[in-house]
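Here is what each chain is made of, one letter per residue.
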Amino acid sequence: MGTISLNYGENPQQQGFVAADAGSPDPLAITRFTTPDGAPALSDAASMSWSTLKEFDNSLEAITRIAAAFEANVGPVPKIAVLTSRGTPFSAVAGGSDGVIKRAIENEFRSAFGAFLVTNVEITEQTAYKIRQWMGENRPFLGIAAPLIDANAAAYFARNRRKCHLLANPALSNLGRHTLRQELITHAIRGAIVSQQPNPYVPQFPESWDEALKGDMSLAWGICAASPSSCITVVKDKALISNAAGYVQLVTAAENAVLHARLTQRTEELKGAAVCSDSFFSFADAVDHLARRKVKAIFAPSGSVRDDEVREHAEKFDVLFHTVPANEGRIFYGH
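Model, not experiment: these values are computed from the prediction.

Calculation criteria
Residues numbered from 1 in each chain as written. Predicted model: local features only at pLDDT ≥ 70, side-chain atom pairs only at ≥ 80, totals over all residues. Heavy atoms only, no water. Phe/Tyr/Trp six-rings, centres within 6.5 Å; stacked < 30°, edge-to-face > 60°. Helix = DSSP H or I, 4+ residues; strand = E, 2+ residues; numbered from the N terminus. Buried < 20%, exposed > 50% of the residue type's maximum accessible area, 1.4 Å probe, protein only. Contact = heavy atoms within 4.5 Å. Expected span 1.5 Å × (residues − 1). Axes fitted to C-alpha atoms, helices over the stretch in contact; angles between N-to-C directions. Parallel < 35°, antiparallel > 145°, perpendicular 65-115°, else oblique. Left-handed = near helix turned anticlockwise from the far one by under 90°. Nonpolar A, V, L, I, M, F, W, Y, C, P; charged D, E, K, R; others polar.

Draft legend 1. Region of the structure containing the packing of aromatic side chains. Applying the stated criterion across every chain, the model contains 7 aromatic pairs. Ring geometry for Phe33 and Phe56: centres 5.0 Å apart, planes at 90°, overall edge-to-face. Placement of Phe33 in the loop between strand 2 (17-19) and helix 1 (50-73) and of Phe56 in helix 1 is noted, with a sequence separation of 23 residues between them. Across the pair, exposure class does not vary: Phe33 and Phe56 are buried alike. The interplanar angle of 20° and the centroid separation of 5.4 Å between the aromatic rings of Phe205 and Trp209 together place this pair among those described as stacked. By the burial criterion, Phe205 is buried, and Trp209 matches it. One aromatic cluster is present, formed by Phe33, Phe56 and Phe116 through successive ring pairs.

Shown next as structure tokens:
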């Protein structure tokens, strides 16, 4: 497939292009997605932007990592809904029905406007009607990716300007470790192309953890692994409370995770929550912000000269502190 012009690039004053690999074996490749009427997803590229496709890809990264962690630690992969905006997943819920979409919207209602939704819930006309009510008036998504999107559902997601891009792929109904990205990741720098293999790591949480904690940490890890570093992700009752990503210092991410919970009136939910960090804690101060809110468990890579000090500080607050070596389990993403 040749190069296709997009509506625009990252900003309206930039031209954007996409060159798709029609032979990609990836079951979640963009070429495997269709519009609700069955046309190839990229047949609508002229109305898409660079940002649309990046949000789509980032959302896939998050949901596949969440599913892989659930498969490895809990067993069955639940229903999952992830909302992504500006390159970062900001709301996510796991559960047993299409209600996960409702909770994902309600948890971050102000930010859901213009976000990209990816889910393993089929979007029937009935589900589309419910989503339309959950979103509220004139609050459409940028796009939706789901295993199935009924052709009659499209009308429920119409936007006054721009388009809500509806992308369907049955492979989204069968997520797990086998749907993690397999192809090389490439990026253009000035005068060169750099590439790397995708991160193959999927955590195995302690057998002593109960299923509820494993489920919460699976969701936290999947979101953290698909977010810019440094990142602190907090989950309670299989719902994302805070995802503080893109900070230089981990203590700033921890502070902002707590602040975000306060701003969304969910401070009480920090108690008993699961927390994931994408890097080791260089100092105990970041852990302190979380431990004093009585989170239940923290998962992070190890590798700091202060690992023992950090662990001891967490244990003073009865926080379960589980680590793996950084050269095995570090999950930086999006550099």
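The structure having been displayed, the exposition proceeds.
Draft legend 2. Region of the structure containing the side chain of Arg65. Mapped onto the secondary structure, Arg65 falls in helix 1. Assessed through its relative accessible area of 5%, Arg65 is described here as buried. Those residues within four positions of Arg65 in sequence are excluded, and the remaining contacts are Leu180, Asn199, Tyr201, Trp221, Gly222 and Ala225.

Draft legend 3. Inspection of helix 5 (residues 211-224) at higher detail. Over its 14 residues, helix 5 runs 20 Å from end to end, which matches the ideal 20 Å to within 8%, given 1.5 Å per residue. Burial of helix 5 is extensive: 12 of the 14 residues sit out of reach of the surface. Among all positions of helix 5, only Leu213, Lys214, Gly215, Asp216, Met217, Ser218, Leu219, Ala220, Trp221, Gly222, Ile223 and Cys224 are buried.

Draft legend 4. Representation of the packing of helix 1 against helix 5 in the model. For the pair helix 1 and helix 5, the least separation of the axes is 8 Å and the interaxial angle reads 150°. Judged by the inter-axis angle, helix 1 sits roughly antiparallel to helix 5. Two packed elements cross with a definite hand, and for helix 1 against helix 5 that hand is right-handed. For the pair formed by helix 1 and helix 5, the contact residues are Ala62, Arg65, Ile66, Ala69, Phe70 and Asn73 on the first element and Lys214, Gly215, Ser218, Leu219, Trp221, Gly222 and Ile223 on the second. The residue inventory of the contact of helix 1 with helix 5, partitioned by class, reads 7 nonpolar, 4 polar and 2 charged.

Purely spatial values, then, with no claim about function.
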